[in-house]
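# Examination of the molecular architecture
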Amino acid sequence: MGGLFIGLMSGTSLDGVDGVLCDFDTGASPVHVLAHAHLDFAASFSAELLALNTAGDNELHRAAIAANTLSRVGAQLVADLLAQAGARPDEVRAIGVHGQTVRHRPGEFDATGYTIQINAPALLAELTGVDVVADFRSRDVAAGGQGAPLVPAFHRAVFARDEQTVAVLNVGGIANLTVLAPTGSTLGFDCGPGNALMNHWCHRHTGRAFDDGGAWAASGTVSEALLAALRAEPYFSRTPPKSTGRDLFNPGWLEGILTGLGAVPALPTEDVQATLAELTAQTCAAALRSHAPPCRELLVCGGGSLNTHLMSRLAANLAGVNVLKTDARGLPAMQVEACAFAWLARACCRREHGNVSETTGAAGPRVLGALYPGR
C-alpha cells in the first residue's frame, strides 16, 4: 500500500507529542522519515493528564475535554509536518495516533481487564481531513494480551540483524525492552519506571520539568537502603509477558517506600534523584542480563536517551554491552516511537497483524487499531 503515513505519540512522560511523516516504500530502508516535529504540552494540560491517571471528581467530562485538546494539538502537529515536508493531506494514507494512557490494567478484575487511552480520533480526522487509526492496544487485550509493548514488531523491522542478538530499550515514562534474536524470535516487556519518577521528583523539588542531562542525579549519592526497598517491588521479578504504567509506578508508590524507610525528610533530595536514576539503570540492565545474556548491543531511544547520566549508568551496569542511541543505527532516538505508530497504522490499513503475540501474551496475531475516515 503506497502513500505516506504520520505517527503521533504522547507517552507517559507527559511532556508533549512527537510526530513523524514517514514513507515506508522507498526500498532503501524500512522507514524514511520525511519530517519530524514536537509540540510541548502546556504545564496546566500536563498536570490535568497526570491527574486523570487517578480517580477524581467529574473525570469522565474532564477526560473528554482533554481528549479534544489532545486532538487539536495533534492537528497542529500534522500541519507542521506537512508544511515541513511540502506535502498535501491527500498524500497521507493515514495518521496513527496513540493517545494518552491514563489506565492500564490488562488481565485484571474480570480476567480481561482494560487499557484506556484518552483520545478523540474522530475530531482529529475532522480537523485534518486524513484517515486516522487509533485504539491500538485494546484488540490485543481482548485476545488475552497485555496490550503492551506494541513497538517490538517495528523494532524487528528496523533494527534486527542476522548475525547477532540486538536489544532496544525505550526509556519514556516507563522503560520497555525488546530483544531481537537472529533466529527471528522477539521478546518484549516493560522493565519498570523510566523517566516518570525522576521527572516527578525533579519537578517537585526544583520546579523543573525534568533533570536535564541527569546533572542533578549525578550530584547526589545513591542510597543503597532506598534502592533495595525500591527494587523489592514484586513487579521486577515477574516473568514476561508483563506491562506496567503509572497505575503502579506513581508518586504514591515512591512516597510510601520513602515513608516506610523513614527517609523523609532525612535523605537529601538529590540522593533520592540519584537513587531513582540508578533504579531505572539497574532494573533495565537486570532485564537485559536475565532475558538476553548473549546480547552485546543495546540501542536506547526515547527521552531517557538524552539523559547522559542515565546512559552512563546503563553502560556501567552492562559491562561488555555496547550501549548506543538508536541514532547510531539510522533512526534518531526521539523519532522511534512515533515511527512505530505510523508503521502500526500502515499495518492496520493493510490488515496485517501489528502485535507480537509471544511478547504480549495474546492468543495470537491480531490486526490492531480502529479506522476513522477523513473527510
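Quick look at the structure, then.

About the thresholds
- Residues numbered from 1 in each chain as written.
- Predicted model: local features only at pLDDT ≥ 70, side-chain atom pairs only at ≥ 80, totals over all residues.
- Heavy atoms only, no water.
- Pairing = 2+ DSSP bridges.
- Helix = DSSP H or I, 4+ residues; strand = E, 2+ residues; numbered from the N terminus.
- Axes fitted to C-alpha atoms, helices over the stretch in contact; angles between N-to-C directions.
- Buried < 20%, exposed > 50% of the residue type's maximum accessible area, 1.4 Å probe, protein only.
- Arc of directions from axis to C-beta.
- Contact = heavy atoms within 4.5 Å.
- Polar contact = N/O pair within 3.5 Å; in protein donor to acceptor, adjacent residues only side chain to side chain.
- Parallel < 35°, antiparallel > 145°, perpendicular 65-115°, else oblique.
- Nonpolar A, V, L, I, M, F, W, Y, C, P; charged D, E, K, R; others polar.
- Left-handed = near helix turned anticlockwise from the far one by under 90°.

Before going further, it helps to spend a moment on the sheet that holds strand 11 (residues 297-301). Spatial strand order, 10-9-8-11-12: 5 strands in an open sheet with mixed pairing. Each having just a single partner strand, strand 10 (186-193) and strand 12 (322-325) make up the two edges of the open sheet. Averaged over all adjacent pairs, the angle separating strand axes in this sheet is 20°, with direction ignored. Here strand 9 (residues 174-180) runs beside strand 10; their pairing, made up of 7 bridges, is antiparallel.

So, on to helix 9 (residues 251-261). Where helix 9 is concerned, the buried positions are Trp253, Leu254, Ile257 and Leu258. Here the buried residues of helix 9 occupy an arc of 130° about the axis, which is enough to place them on one side. In helix 9, the exposed positions that point more than 90 degrees away from the buried face belong to Gly252, Thr259 and Gly260. Buried-residue contacts for helix 9 involve helix 6 (196-206), helix 8 (224-231) and helix 10 (269-291). Its side-chain oxygen 3.0 Å from the backbone nitrogen of Gly252, Asn250 forms the N-cap of helix 9. Residue Gly262 follows helix 9 closely and has a positive phi angle near 70°.

What follows deals with the side chain of Ser357. Note on placement: Ser357 falls in helix 13 (residues 357-360). The contacts of Ser357, once residues within four sequence positions are left out, are Ala362, Gly364 and Pro365.

Contact geometry of helix 6 with helix 9 gives a least axis separation of 10 Å together with a crossing angle of 75°. On the basis of their axis angle, the class for helix 6 and helix 9 is roughly perpendicular. Each of Leu197, His200, Trp201 and Arg204 in helix 6 lies in contact with helix 9, whose residues at this interface are Pro251, Trp253, Leu254, Glu255 and Leu258. Among the residues forming the contact of helix 6 with helix 9, the class breakdown is 6 nonpolar, 1 polar and 2 charged.

Next up on the list: the packing of helix 2 (residues 59-85) against helix 3 (residues 121-128). Contact geometry for helix 2 and helix 3: axes closest at 9 Å, N-to-C directions at 35°. Considering only the axes of helix 2 and helix 3, their crossing is right-handed. For the pair helix 2 and helix 3, contact is made by Asn68, Ser71, Arg72, Gly74, Ala75 and Val78 and by Pro121, Leu123, Leu124, Leu127 and Thr128, respectively. For the contact of helix 2 with helix 3, the per-class residue count stands at 6 nonpolar, 4 polar and 1 charged.

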